[in-house]
Each structure stands twice: as structure tokens, then as C-alpha cells.
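Listed below, chain by chain, are the residues.
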Amino acid sequence: MTLRRYHAPIWDEPLLMEMSVAGRRGQHFPIEAGGQALIPEALRRRIPPALPEVSEPDLLRHYLRLSQETMGMLGISLFGTCTMKYNPRLNERVASSSAVAGIHPDQHPDTIQGLLALVYAFDQMLRGLSGMDQFVFQAAGGADAAYTHACITRAYHSAKGQALQRNQIITSIQSHPCNPATAATAGFEVVTLMLDERGYPSIEALKAALSDRTAALMINNPDDMGIYNPEIAEWVRLVHEAGGLAFYDHANFNGVMSKIRARDLGFDACMFMLHKTFGVPKGGGGPAVGAYGCTDRLRPFLPGPIVSRDGDQFALETPAESIGKVREYLGNLHQVIKAYGWTRAMGAEGIAEASDMSVILNNYMEKRLLAVRGVSRSHPQLPGWRLEMTRYSLGTLFEETGVSAVDVQNRMADFGIDAFWLSHEPWIVPQPFTPEAGEMWSREDVDQWIAVLAAVVDEAYRDPDLVKSAPHRQVVGKLSGANLDDLAIGATTWRLWQKRRQGAL
Amino acid sequence: MSQPARAHPFMPNSAPALKSALLAELGLDSAEPLFGQIPESHRFRGDLTQPESLSSEVVLSRHMRDILARNRPAADAISFLGGGCWHHYVPAVVDEIVGRSEFTTPVWGTPSSDFGRNQAWFEFTSQIGALVEMDMVGLPVYSWGCAAGHAIRMAVRITDRQRILVPARMCPQRRAVIDNYCGSADPTARIEVTAIACDEQGRLDVSALAKALNETIAAVYFENPSYLGGLELAAAEIAASARSAGAETIVGVDPISLGVVLPPGAYGADIVVGTTQPLGVHMSAGGGLGGFIATRHESHYASEYPTLLNSITETVDGNTAFGLMLFHQSSYGSREYGKDWTGNSTYLWAIANSAYMGLMGPQGFQEIGALIASRAHAAASRLSGIPGLRVSLNGFFKEFVVNFDETGRSVSSINDALRAYDIFGGLDLSQSFPDMGQTALYCVTEVHEDGDIERLVAALTEVLA
């Protein structure tokens, strides 16, 4: 396959602060000369903020150039675990219209019936896909939904008079870090189960962890290696038997949507990421939505309010024993509307087809990638097909050439290929990488991706320094490796950077 | 299906022949064997109960438009709602920038391939730093309430104390978020939140605060302007007394005020938090929310940040570039041993905020601050002329309380009546703060013109007649 020629745009774009010229303006407002005097003297700002002074066209062109200096899915991005998707532009148009963007969250429900109707309808659609009894959209990301579950777990056991006793949350080493992290933030002890040779923890390990201290299980399935734990229903049964709750982190829903439902496996709650599986744009990291769904047993504890329906009228209600809030208002509702639009465009058949496509394409990739020298997959001994992702290792390549997965990632960017996902910490295979093809990328895209990886591996064996010193055709080269953790070196603001350069520090 | 299958517009490989060709590469004629890891007893074979597919964009577009036509957005009416999400003007240039595909769609790349976005983020943190006068600013968090929650947890870890003081009359939503962040399944880790009495405009009662402050207090949290709009005149005094008790001072701010209001870095704040929504982000029913955390650039603060930190640095060949700082202390780096947690946040809004702050510059922030203060005060003054209304007339920025007790009417009934005039009255506080009677929080910004205030006054006069 011919590799596409590529070079990232280079604009040598200065920082906005460096563009500043005293006296330039980007916006005018009507002048109210007496306005400042209305601020009590003791609190009046006398030294204006040291912000850049730029004109409107210069500022626009500055950010357009910065957008060009961001690859931003114009290349091929198979960032595993994040399920890169097409974000239908219709949904962007609808969500940016005044009918959505112009709504204040405290408007009277009579004035937002359209909004509430869509939120309600989407809740129903997610119920169909999961079997759960109620969804809420307040959590502003997947991790926030995990935190929601930790708070609900706290409230649930407290209501049963077992708050002090049930203080452990069980997860696995292959769960997303947000599960143990939010559990710990909510005050739980975290029990992390290790994997056995089958790629998931054993029932025995789970049984050994369960006790009358168990508050909940927080687990994903399949994991990021594309391995499905076939004992998961038994896990949930055992967790319930021990008195705990079971939460399904459905971050990796794309490969199994329409194939399984969290409720059917016994789970009390689950979470869907609308910015991953449901076609909502990621925005480089939000605004996002962790849609949290649960059974009637947990519904009284949900963060409120939730949308209820009476005929054609929609209202807001706060559950009786609500945990309160994990974030203000009802959540990123403009993103919920986009997810509604995506899901309606797909329909049940489209959803099933997308699940098929993502798993077909991953296994097609796997077959071809394993033919590339220096590439292996996690748990190579396991037979059978993986789901929508496979965790690979460049350990052999690293041993033989000294070229790391990060080096390969940087070099692939020279060919218009955006970063692959490596692995969450801790790495359980050496030099990991985790592409996820999903359903939006064409076979030609995937073939190009594989061809670039193969070409870079070939370079690594021929000329390892070429790869180790990459990128060479990007906006900028490789970072110097300066220790940014050193407070004398790292700087998150221009004012600090300037003070340091001027020798004031 | 009676019609021949057609490829879905979002799925390039879904044309039947293309799908078959991919399956053939795997030696299969159906996708079913690929799901062999899933036991049959786990499989769902029923109806997913989804509504009919609307794969035709023209149909879906009309369908969504028709439903959303039932909304009457505040931005199209005359609205005085604020309190945690505010109607400010969003310059068209900001919409253009934030709508760029390169910023809207991706997730995460390399420092080289994401260079432009990382620079935009650095410009965000730098400009927030300039507004609040702090040297260290993290990448954004979900909201003001979440920022306050994290800041409180930072202060608890820094001081090794577990009690905090907050205003009794603070935003109930932010307070509810803080309460969750302060809760713990471990009773020894719980953070005790004590509410300090406030005046009618939400300012802390300094003598009540002095009584409550002692060596067990981790932090004093207050807002400037307060939830009820009042500017905290005793800000420096509060920060000084917190410091002398060994407590951290956490200040929450509305950054759009900071062209005319003293920055918290100038009166002794240790940790500054606030909202980013007023800085160029549409309300979107609360979807526009974002929050930030800022501190001095000192190790005991830096080492407690839960957010990702985007630092300026250099490439091997001496170009400016950006990289992550102190990543290991995030939940990505250390799972349950990290600082709280991080994840997806409001990173796209950081770009909107950055563009907005750049457009405004020092003069823009001064002009908009003076304009808002002037219009809000003029509105308060006009409303105070209506018989039966008790209105705060000064000491605020853009929000002020209006008490209706003497009218004998509830805020809720008045707001119901105002809606007939296409006016959304101020936020009803009577449920949140029953001791304040029938009180509403009115918000006036640069989007309000004199005519809007006149319409409000005329409508209120009729409603109360």
C-alpha cells in the first residue's frame, strides 16, 4: 500500500501573550464611565489584568492556525478505549441553536418541554439497551459517573445501617483508573484483583476478596485487551450474596452493544459514556456525559433532579433519598441531545451493525498486525477472537531495537496517524499499544494505519535512531525531556514563565 | 427488511459486499463467531425497544427541530436568571473557533500532533492566572462546585485538618456538590462543613467567622461576589484571620467581574476557584459549565492538584512546546493513590474561554465590568421604585436580591405571571433560604438593555397591581 505523503502545518505561531500590542482591541462594549465607581473602593481593581491585547481578526487567525496545528481526526485516530466515532454535524447544528444553547438550567419546566422530552426519550432508549430502570445524566464524564456510583454505594449502605461496616470496593487491575480513584475519594478501601492466565481474575480471587465489608464491585467487561470475562454473571451473584452492589463500567460498550445488557447479567447499575459510544464529540476531553443507569433498588439515591413524564408534560423530580449533586444542574444536556440524535440515526439495527463492524474490523486488524515483525498480543496463548480492541505489545521490537511504543507513536504521527492508546497504568504487557477501529473508519483507513505501523517497524530495524528521534514532520519535534515535575522548570502560566525568564524567581 | 440493505452513512464498511469481504478475510460468513467469548446465557436476544431509526438526516433534522420548538430559551426571551449559569454575550469569533473540527472531535494525541490545542490550553491557564493573579492554574474541571470540592480536599490534605467553613447562604447546588466531596465512607476521613452566617447579600458575618475559626479549621471558603451578589468587602480581613489560624483561604470567583473587581491573589487567597462559563460559553441548559483551580506556584499546592497540568517547555531543537506536569499524582498515574480523580472534563470550553479572554483583553474586561455593574445597579434602582419591593441597591456586581414580602405574593406566582410577558423573573430563593422570605436573585448583564429593564418594571407593576 502506498503511504500517504503528509506534513503537519507549521505556522511558528506565537503565544497569544507574545502577540500583544498595547492599545489593540478585540471587543468593544458600550462605555459606562461611572460603572467602576459602583464597585466599593476597597475591592476595586486598579491594575488591569495582564491579558494580551489583540485585534479580532488577529485572534481569529491565531486560533485557526492553532486548530491547524492540531491533527484532530483529520488523520486516522484509533485511540483505543475512547472509541473514536463520527460526530454527526447535524447534532452540532441542533445543539448550538438557540433552542438548546440559549436555555438557562433554572428555567421553569413549562419553558423547556422540548429539552425534557428529548432527555426523557433518551433515558428510555438507554433503558432498552441496558435493561436498567432509570438513567441520569448529571455526571460530567465517565469518571464522574463512577464517582456517582461510589456516592450511591455510600448512601445505600448507610440507609441499610451498614455504612461503617461496608467500606471496601472491589475492582480489577484492568479496570479504568477512575474506578479505584473515585472509590478512594469517596472513602472506600480499594481491593484490586489481579488477572490469572485467562486474562481476567479468577472466581477464587473474587471469593477471597468478598466479605461482610464488601460495599460494591466496580468492573468493566470486556476489558481493554478485548477479553470478556465469561464468569461475570456468577461474579455479580457472589457480590450480591455477600451484600454488595455491582456496577458495570460500560466504557467498552461498543463491541457488545445489542449483544448483552447489564441488567441481564445482574448488575445494579451501569454507566455509558455518551462521548464515546454514542457519537458525542470528545472536545479533547469534554464536556462529556457519564450516563448512569440503575435498577429501581438504587433509584431513590440518584442525584437529582430526574425527568418524569405525565402524558405530554415533563417535570423534574428529586428522588427521595438522593445523594444530592455530583455536579450542578442536570448535566451536559446539549451532549445528551447529540447522543439522542446519533442513536436515532442508528436505530436498533444500526447499533447492532456498529457492534458487528467494530469487532470485525478489530479482528481484521489483529490478523494483519500480528504479521508485523516485533508485534505480539497480550495473553498470546488465549485462543479465539477478541472483541472491539486488542492489547498489543511492542516488547520484542523494544528488546531488539531499543525503539519504544512511544517512539513508534511519535513516528506514526509523521504519517498523519494520530496517537494510539498505550495502556492505563500499570502496564501489564511491555511497550503496550491499543488501537480501536470502531465502526467509523473505512477499511482503507485501517489498511493505511497498518501499513504505517509496518513501515515504522521496518524503519526501527533499519535505522532505530530515525524512529527514536521522531517526529520529524510534525508541528514541533520531540519534547526535550526536561523534568516538568521540577517546580523550578514546569510552568502552567505565562506570568510565571515571564517572571522566571526575567530572573525574578 | 423488504428493501435491499444499504450502507449506513456513518459506517463506511457496512455496505453488504464490503462487510462480507472483511468477514472473508477472517474465514467467516457472519460476525456471530467473533462474539464467541460471550456465553450464550449472557446474550440478549430480545427487542432493544428502540424507536424507529431515522437514518435520513432530513427526517431526523425536522424531528428534532419540531420537538425543540417546545422550548422558549432564556436567551430569546428577557431573562433575569443567574445564580450559577449566566447569560453573557458569546462573540461570534468564539463560536467559530470552538466549532472547528480539529478542536471539537479528537481525544488525545502526541505533544507534537496536539501542539496547537496544547498551546490554546496554555493560553487558557495563563489568562486565568492573569485574571485571578495566581501563578499556577490547572486544566479545567467540571464546574465551579466541583472545583470548590477539589480545592477543599486539597486544603484538608495540606493542613491535615478536617473542618471547613463556608457561607450559610451559598448556592445550594454548589453546596450539595461540596457535601458529596466532603463525605466519606471512612468516618475518620469525613470533612465537617460548618456554615457561617451571612448578611442579606450573602457576605460572611466576620464576627461569627472569628468565633468559628480555630486550629481545627482546614479552610475558609467564600465567594466574591457571593451567591446573593454581594461583594465581599472583608475579603482581605477574612484571608488574614484564616491565615493566622493556620487555615487556607479558598475564594470562589466569577471571572467576568475581574476587570473591575480586585483579584483574589491581591487579597490573600491561597486557592482560587470559579466558573468558566461566563467566558464565552453558551448556557446550554447547564452544559456550558466549567471550573478552574488556581494557586501560587508552590510545592505544597502543586503536589495536591487533582487536575492534569499543562506546562510550557521546549523541544529537543529549542522550539516552544507543552507537556504534562506532575502526571504521576493524577488518578491516571496512580489509580487510588492519586489525588482525588480526573478524567474527561471541559477541555473544549477551555479553548472558548481562551479565545474569549484574548478578545477581551484588559480593556474589554474593564468595559464589560463597568457596563454590567452600571446596568445591574440601574435595574436595581428602577425595581426599588415599585411599591412593595425591597431591593439591595449597592455593594454588588451583576446580581442582587429582590424581596417581595410586602406585596403578599410569592416569587413563584410572580414569575408565573411574568412568563406571560415573555419575561423570566429572577431565581426564586424562597425554598433554598426560607428565612429570607419571598426573595428572588436577579441577574443583569451586558445583554440587557434599558428597554428590557423598562419592560420588566412595567410587567411587574401590572402583575403586582
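Bear in mind the structure is a predicted one, so any value in this text is a computation, not a measurement.

Thresholds applied
- Residues numbered from 1 in each chain as written.
- Chains lettered and ligands numbered in written order.
- Predicted model: local features only at pLDDT ≥ 70, side-chain atom pairs only at ≥ 80, totals over all residues.
- Helix = DSSP H or I, 4+ residues; strand = E, 2+ residues; numbered from the N terminus.
- Rg over C-alpha atoms; globule rule 2.2 N^0.38 Å.
- Buried ≥ 20, exposed ≤ 12 C-beta atoms within 10 Å, placed from the backbone.
- Contact = placed C-beta atoms within 7 Å.
- Nonpolar A, V, L, I, M, F, W, Y, C, P; charged D, E, K, R; others polar.
- Pairing = 2+ DSSP bridges.
- Axes fitted to C-alpha atoms, helices over the stretch in contact; angles between N-to-C directions.
- Domains from an automatic or database assignment.
- Expected span 1.5 Å × (residues − 1).
- Parallel < 35°, antiparallel > 145°, perpendicular 65-115°, else oblique.
- Left-handed = near helix turned anticlockwise from the far one by under 90°.

**Re the overall build of chain A**
Thinking step 1. For chain A, the helix and strand inventory stands at 15 helices and 12 strands.
Thinking step 2. Taking 505 residues into account, the globule formula puts the C-alpha radius of gyration at 23 Å, and chain A, at 25 Å, falls close to it.
Thinking step 3. Taken over the C-alpha atoms alone, chain A extends approximately 70 × 70 × 45 Å along its principal axes.
Thinking step 4. Within the span of chain A, comprising 505 residues, buried residues form 62% of the whole.
Thinking step 5. Looking at chain A alone, contacts between residues at least 24 apart form 74% of all its contacts between residues at least 6 apart.

**Some details on the overall build of chain B**
Thinking step 1. Counting its secondary structure elements, chain B contains 14 helices and 15 strands.
Thinking step 2. Across its three principal directions, the C-alpha atoms of chain B cover 80 × 55 × 50 Å.
Thinking step 3. The 465 residues of chain B split such that 62% are buried.
Thinking step 4. Within chain B, residue pairs in contact and separated by at least 24 positions form 70% of the contacts whose partners lie at least 6 positions apart.

**Considering the interface of chain B and chain A**
Thinking step 1. Each partner contributes to the interface: chain B provides 175 residues, whereas chain A provides 177 residues.
Thinking step 2. Tallying contributions element by element places helix H12 (residues 347-384) of chain B first for the side of chain B that touches chain A, with 22 residues.
Thinking step 3. Class assignment for the residues of the side of chain B that touches chain A results in 84 nonpolar, 66 polar and 25 charged.

**Focus on the pairing of strand S7 (residues 290-294) of chain A**
Residue and element names in this part refer to chain A.
Thinking step 1. The buried fraction of S7 amounts to five of the five residues, a majority that puts the element mostly inside the structure.
Thinking step 2. In S7, alternate side chains face the same way, and those of Gly290, Tyr292 and Cys294 on one face and Ala291 and Gly293 on the other are all buried.
Thinking step 3. Across three bridges, strand S1 (residues 134-136) lies against S7 in antiparallel orientation. Counted as the bridge partner of Phe135 is Gly293 from S7.
Thinking step 4. Direction of pairing for strand S6 (residues 269-273) relative to S7: antiparallel, over a ladder of five bridges. Looking across to S7, one finds that Phe272 is bridged to Ala291.

**Notes on the sheet that holds strand S8 (residues 291-295) of chain B**
Within a sheet, neighbouring strands are paired by backbone hydrogen bonds and run either parallel or antiparallel to one another.
All names here are of chain B.
Thinking step 1. Pairing in this open sheet of seven strands is mixed, and the strands run S2-S8-S7-S6-S5-S3-S4 from one edge to the other. Among the strands making up the open sheet, the edge pair consists of strand S2 (136-137) and strand S4 (192-196).
Thinking step 2. Of the pairings in the sheet, the one linking strand S7 (residues 271-275) to S8 comprises five bridges and is antiparallel in character. Note on S8: the bridge partner recorded for Val272 is Ala294.
Thinking step 3. Along the sheet, helix H6 (residues 144-159) contacts strand S3 (163-167), strand S5 (217-224), strand S6 (248-253), S7 and S8; its crossing angle with S7, the most-contacted strand, is approximately 165°.

**Side note on the domain arrangement of chain B**
All names here are of chain B.
Thinking step 1. We note that the domain assignment places domain 1 (75-86 + 362-464) and domain 2 (93-356) within chain B.
Thinking step 2. Look at where the C-alpha atoms of domain 1 and domain 2 centre, and you get two points 28 Å apart.
Thinking step 3. In this complex, domain 1 contributes 20 residues to the contact, which on the side of domain 2 involves 24 residues.
Thinking step 4. Among the secondary structure elements, those contributing two or more residues to the side of domain 1 that touches domain 2 are H12 and strand S12 (399-403).
Thinking step 5. In terms of residues, the side of domain 1 that touches domain 2 owes the most to one element, H12, which gives six residues.
Thinking step 6. Among the residues forming the side of domain 1 that touches domain 2, the class breakdown is 12 nonpolar, seven polar and one charged.

**Describing H6(B)**
Each α-helix turn comprises 3.6 residues. Residues three or four places apart therefore point the same way.
All names here are of chain B.
Thinking step 1. Across its 16 residues, H6 extends 22 Å between first and last C-alpha, which sits within 8% of the 22 Å expected from 1.5 Å per residue.
Thinking step 2. Counting buried positions along H6 gives 14 out of 16 residues, so the element sits mostly inside the fold.
Thinking step 3. Backbone geometry just after H6 places Asp160 at a positive phi near 55°.

**Here we look at the sheet that holds strand S11 (residues 392-393) of chain A**
All names here are of chain A.
Thinking step 1. Spatially, S10-S11-S12 is the arrangement adopted by the three strands of the open sheet, whose pairing is antiparallel. Two strands lie at the open edges of the sheet, namely strand S10 (376-377) and strand S12 (432-433), each paired on one side alone.
Thinking step 2. As paired strands, S11 and S12 are joined by two bridges and run antiparallel to one another. Bridged to Tyr392 within S12 is Phe433.

**Quick word on the environment of B:Gly426**
Residue and element names in this part refer to chain B.
Thinking step 1. Secondary-structure assignment places Gly426 in the loop between strand S13 (423-424) and strand S14 (427-428).
Thinking step 2. For Gly426, a count of 28 C-beta atoms within 10 Å gives the class buried.
Thinking step 3. The spacing of Gly426 and Leu81 is 345 residues in sequence and 5.0 Å in space, taken between C-alpha atoms.
Thinking step 4. Residues contacting Gly426, with those up to four places away along its chain left out, are Phe80, Leu81, Val402, Ala440, Leu441, Tyr442 and Cys443.

**Thoughts on the environment of B:Leu429**
Thinking step 1. Along the chain, B:Leu429 falls in the loop between S14 and strand S15 (439-443).
Thinking step 2. Those residues within four positions of B:Leu429 in sequence are excluded, and the remaining contacts are B:Met436, B:Thr439, B:Ala440 and B:Leu441.

**A short note on the packing of helix H12 (residues 405-412) of chain A against helix H13 (residues 443-462) of chain A**
Residue and element names in this part refer to chain A.
Thinking step 1. At their nearest, the axes of H12 and H13 sit 10 Å apart, and the two run at 120° to each other. With respect to H13, the element H12 is oriented oblique. As for how H12 packs across H13, the hand of that crossing is right-handed. Across from Val408, Arg411 and Met412 in H12, the residues of H13 making contact are Val452, Leu453, Val456 and Glu459.
Thinking step 2. When grouped by side-chain class, the residues that make up the contact of H12 with H13 number five nonpolar, no polar and two charged.

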